[in-house]
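# Fold and contact review
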Amino acid sequence: MSDSFERACAAADVPDEGVIPVEVGGVEVAVVKSEGQFFAVRDECSHAQIQLSEGDVGECEIECWLHGSRFDLRTGEPTSLPAYDPVPIYPVRLDGDDVLVDVKNPINQASL
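Residues numbered from 1 in each chain as written. Predicted model: local features only at pLDDT ≥ 70, side-chain atom pairs only at ≥ 80, totals over all residues. Heavy atoms only, no water.

An unreviewed UniProt entry lists the chain under the name 3-phenylpropionate/trans-cinnamate dioxygenase ferredoxin subunit, from Kribbella aluminosa.

Encoded structure:
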């Protein structure tokens, strides 16, 4: 199996308990740092097609700024309404100072 991880950004570009939008392999991704870990999630709320990268981060969750839907960064599952569908999340790894993301092999089966 080939390595399908691609560079998303520098680790230093992502603030603690923060998020930045990036494009990886043609997919809009929100790269998040929460509780010292990096996560990658499709940058689109499953409820209202709003960029999650514009929301707040905390306790391994990201919140959509428009209606307040929250998603678990580890599973993509919604943790509050009005969203009830999960968002796609992707494998992440660090390579030196870079954050790599694999958008070809989502961790969950969510689709938008």
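Structure shown, so let's carry the discussion forward.
### Examining the UniProt feature "domain: Rieske" (unreviewed entry) in the chain
Taken from the UniProt record, the annotation "domain: Rieske" (unreviewed entry) applies to residues 6-101. Helix makes up 0% of residues 6-101 and strand 50%, whereas the separation of the span's terminal C-alpha atoms amounts to 5 Å. (UniProt positions renumbered as here; feature names shortened; annotations may be inferred. Helix = DSSP H or I, 4+ residues; strand = E, 2+ residues; numbered from the N terminus.)

### As for the nonpolar core
Across soluble globular proteins, you tend to see nonpolar side chains buried next to one another. Counting 18 residues, the largest nonpolar core has Val 32, Val 41, Leu 52, Ile 62, Phe 71 and Leu 73 as the members making the most contacts within it. For this core, the secondary-structure elements that each account for two or more residues are β3 (27-34) and β4 (37-42). In this view, Val 41 contacts Glu 28, Val 29, Ala 30, Val 32, Leu 52, Leu 73, Val 87, Pro 88, Ile 89 and Tyr 90; residues no more than four positions away in its chain are not counted. (Core = buried A, V, L, I, M, F, W, Y, C linked by side-chain atoms within 4.5 Å. Buried < 20%, exposed > 50% of the residue type's maximum accessible area, 1.4 Å probe, protein only. Contact = heavy atoms within 4.5 Å.)

### Quick word on the side chain of Ser 46
Of note, Ser 46 is situated in the loop between β4 and β5 (56-58). Owing to a relative accessible area of 14%, Ser 46 belongs among the buried residues under this scheme.

### Quick look at the pattern of salt bridges
Between side chains of opposite charge, a pair can form as their charged atoms come close. According to the stated counting rule, one finds 6 salt bridges in the structure shown. Here Arg 7 ties to Asp 98 by a salt bridge, and the two come within 3.0 Å at their closest N and O atoms. Of the two residues, Arg 7 is situated in strand β1 (residues 6-10) and Asp 98 in strand β11 (residues 98-101); the sequence distance between them amounts to 91 residues. The partly exposed category is assigned to Arg 7, whose relative accessible area is 48%. Where Glu 61 meets Arg 70, a salt bridge forms, and the shortest distance between an N and an O atom there is 2.7 Å. A residue is classified by how much of its surface remains accessible, and Glu 61, at 18% relative accessible area, is buried. Each of the salt bridges in this network shares a partner with another, and the network as a whole consists of Glu 61, Glu 63 and Arg 70. (Salt bridge = Lys/Arg side-chain N within 4 Å of Asp/Glu carboxyl O.)

### A closer look at the sheet that holds strand β2 (residues 18-24)
Strand order in the open sheet made by the 4 strands is β2-β3-β4-β9, with antiparallel pairing throughout. If you trace the sheet from one side to the other, it starts and ends with β2 and β9 (89-90), each paired once. Where β2 meets β3, 7 bridges bridge the pair, whose relative direction is antiparallel. Its bridge partner being in β3, Pro 21 is matched across the sheet by Ala 30. (Pairing = 2+ DSSP bridges.)

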